[in-house]
Amino acid sequence: QVQFVESGGGLVQPGGSLRLSCAASGSILSIYAMGWYRQAPGKQRELVAVATSGGNTNYAASVKGRFTITRDNAKNTVYLQMNSLKPEDTAVYYCNAPSALNDYAAPIFDWGQGTQVTVSS
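The following paragraphs examine the structure supplied in this document. (Residues numbered from 1 in each chain as written. Predicted model: local features only at pLDDT ≥ 70, side-chain atom pairs only at ≥ 80, totals over all residues. Heavy atoms only, no water.)

**Overview of the pattern of salt bridges**
Close approach of charged atoms allows side chains of opposite charge to pair.
Point 1. Using the criterion set out here, one finds 3 salt bridges in the structure.
Point 2. Among the salt bridges present, the one from arginine 38 reaches aspartate 89, with a minimum N-O distance of 2.9 Å. Here arginine 38 is found in strand β4 (residues 34-39), whereas its partner aspartate 89 is found in the loop between β8 (77-82) and β9 (91-96), with 51 residues between them in sequence.
Point 3. Among the salt bridges present, the one from arginine 66 reaches aspartate 89, with a minimum N-O distance of 2.7 Å. In this pair, arginine 66 sits in the loop between β6 (57-59) and β7 (67-72) while aspartate 89 sits in the loop between β8 and β9, placing the two residues 23 residues apart along the sequence. (Salt bridge = Lys/Arg side-chain N within 4 Å of Asp/Glu carboxyl O. Helix = DSSP H or I, 4+ residues; strand = E, 2+ residues; numbered from the N terminus.)

This is the structure:
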């Protein structure tokens with residue numbers, strides 16, 4: 001079973017930036033698409049960025065042009081660079097391997113603890 005440890009969250013002012021990291025146990029990430037999900041209070045967990053095993057990336061409309069997902073398969077690590085942050089980006093962020101490429105795709109593995117991102121002045 002793969003386990004994920006997310007880090008890099010925090011409190012940031014609107015317009016600021018954060019870089020999230022997700023370290024995975026095991027060495028099987030290279031064969032999976034990897035994604036970043038987020039869950040805001042009272043809302044459904046949604047998939048906001050995906051990096052396929054072939055190197056393609058996809059983004060939710062709400063983050064496109066502001067967020068960048070990258071992966072380092074040798075380090076079993078996935079990153080999310082978040083720029084021009086908005087208050088509506090406030091959420092707990094999780095990484096996982098999505099079972100499909102849609103906004104509410106179920107994850108393949110168990111969830112990690114996530115990392116809190118709060119955008120506020």
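**Section: the nonpolar core**
Point 1. Residues Phe4, Trp36, Leu80, Met82 and Tyr93 are the most contacted members of the largest nonpolar core, which totals 29 residues.
Point 2. A per-element tally of this core places strand β3 (residues 18-24) first, with 4 residues.
Point 3. For methionine 82, the contacting residues outside a window of four places in its chain are Gly16, Ser17, Leu18, Leu20, Arg66, Phe67, Tyr93 and Val117.
Point 4. Within the second largest apolar cluster, 7 residues are counted, among which are Ala33, Leu47, Val50 and Tyr94. (Core = buried A, V, L, I, M, F, W, Y, C linked by side-chain atoms within 4.5 Å. Buried < 20%, exposed > 50% of the residue type's maximum accessible area, 1.4 Å probe, protein only. Contact = heavy atoms within 4.5 Å.)

**Remarks on the sheet that holds β4**
Strands belonging to one sheet form pairs held by backbone hydrogen bonds; the direction of such a pair is parallel or antiparallel.
Point 1. Strands sit in the order β2-β10-β9-β4-β5-β6 across an open sheet of 6 strands; the sheet is mixed. Here the strands that pair on one side only, and so sit at the sheet edges, are β2 (10-12) and β6. Each strand axis lies, on average, 25° off the axis of its neighbour in the sheet, ignoring direction.
Point 2. Of the pairings in the sheet, the one linking β4 to strand β5 (residues 46-51) comprises 5 bridges and is antiparallel in character. Each residue of the ladder has a partner; that of arginine 38, found in β5, is glutamate 46. (Pairing = 2+ DSSP bridges. Axes fitted to C-alpha atoms, helices over the stretch in contact; angles between N-to-C directions.)

**Considerations on the pairing of β5**
Point 1. Here β5 lies mainly inside the structure; 5 of its 6 residues are buried.
Point 2. Where β4 folds back onto β5 in an antiparallel hairpin, the turn is made up of 6 residues, including glycine 42, whose phi is positive at roughly 80°.
Point 3. A loop of 5 residues connects β5 with β6, the two strands running antiparallel in sequence, and glycine 55 in this loop sits at a positive phi of about 100°.

All we've got here are geometric facts, nothing functional implied.
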